[in-house]
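# Survey of secondary and tertiary structure
Each chain is listed here by its residues.
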Amino acid sequence: GLLTFVRIGNQMHAALAFDGQVATWNIAGTGRVAAEVGRLLRAIGVAKTRGSRFKDSQSWRTAAATLRDRLIPEEHAIDPQQLDELIIVPDGPLW
């Protein structure tokens, strides 16, 4: 499968090509994506200079799920068991 994100102006769009079909959608709340990416990066410890980057807490999982739900609405979610591979092409704050 191929999942592509494209930022056009102040909007983000996504396209998912999978199993011979293509689905496209607008990312709701595009203005919040950068903040959610930042929250996830902090939760996994990217800014840390000492100690473990991945914390034992579940905060990074919660942040990741929030971002995933914003980027891939439930009606476009696919079962990972159906994929041999998924190529993701980021743009804008996802890059």
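Okay, so let's go over this structure. Counting restarts for each chain: residues are numbered from 1 in the order of the written sequence. This being a predicted model, a pLDDT of at least 70 is required before a residue's local features are given, and a value of 80 or more before pairs of side-chain atoms are given or counted; all residues contribute to the totals for chains, interfaces and linings. Just so you know, side-chain values use all the structure's heavy atoms and leave hydrogens and water out.

Further remarks concern a nonpolar patch on the surface. Residues enter patches when they are more than 30% accessible in relative terms and free of salt bridges; like-charged ones are connected within 9 Å and nonpolar ones (Val, Leu, Ile, Met, Phe, Trp, Tyr) within 5 Å. Computed with the Shrake-Rupley method and a 1.4 Å probe, the accessible areas treat only the protein chains shown as cover for residues. Think of a salt bridge as a Lys or Arg side-chain nitrogen and an Asp or Glu carboxyl oxygen that are within 4 Å of each other. Where nonpolar side chains cluster on the molecular surface, the patch consists of Leu2, Ile87 and Val89 and spans about 210 Å² of accessible area. Numbering of helices and strands runs from the N terminus, with a helix taken as a DSSP run of H or I at least four residues long and a strand as a DSSP run of E at least two residues long. With respect to the helices and strands, Ile87 occurs in strand 4 (residues 87-89).

Once that is clear, we can look at the pattern of salt bridges. Side chains bearing opposite charge may pair, as long as their charged atoms lie close to each other. With the rule as written, the count across this model stands at 2 salt bridges. Of the charged contacts in the structure, one is a salt bridge between Arg70 and Glu36, with a shortest N-O distance of 3.0 Å. Of this pair, Arg70 sits in helix 2 (residues 59-71) while Glu36 sits in helix 1 (residues 30-43), placing them 34 residues apart in sequence. Measuring nitrogen to oxygen at the nearest pair gives 3.1 Å for the salt bridge that ties Arg68 to Asp69.

Here the focus is the pairing of strand 3 (residues 21-26). With 6 bridges connecting them, strand 2 (residues 11-18) and strand 3 associate as antiparallel partners. Note that in strand 3 the partner of Phe18 across the bridge is Gln21. The loop that links strand 2 with its antiparallel partner strand 3 comprises 2 residues; one of these, Asp19, has a positive phi angle of about 55°. DSSP bridges decide pairing: two strands pair if at least two such bridges lie between them.

Okay, helix 1 next. The length a helix should cover is 1.5 Å for every residue beyond the first. Taking 1.5 Å per residue as the helical rise, helix 1 with its 14 residues ought to reach 20 Å, and the 21 Å between its terminal C-alpha atoms agrees with that figure. Inspection of helix 1 places Thr30, Val33, Glu36, Val37, Gly38, Leu40 and Ala43 among the buried residues, and these make up the whole buried set. Packing partners of the buried residues in helix 1 comprise strand 2 and helix 2. Positive backbone phi, approximately 90°, marks Gly45, located one or two places after helix 1. The classification of residues rests on relative accessible area computed with a 1.4 Å probe and restricted to protein chains. Under 20% of the type maximum is buried, over 50% is exposed, and intermediate values are partly exposed. Note on contacts: a residue pair is in contact if any heavy atoms of the two residues lie within 4.5 Å.

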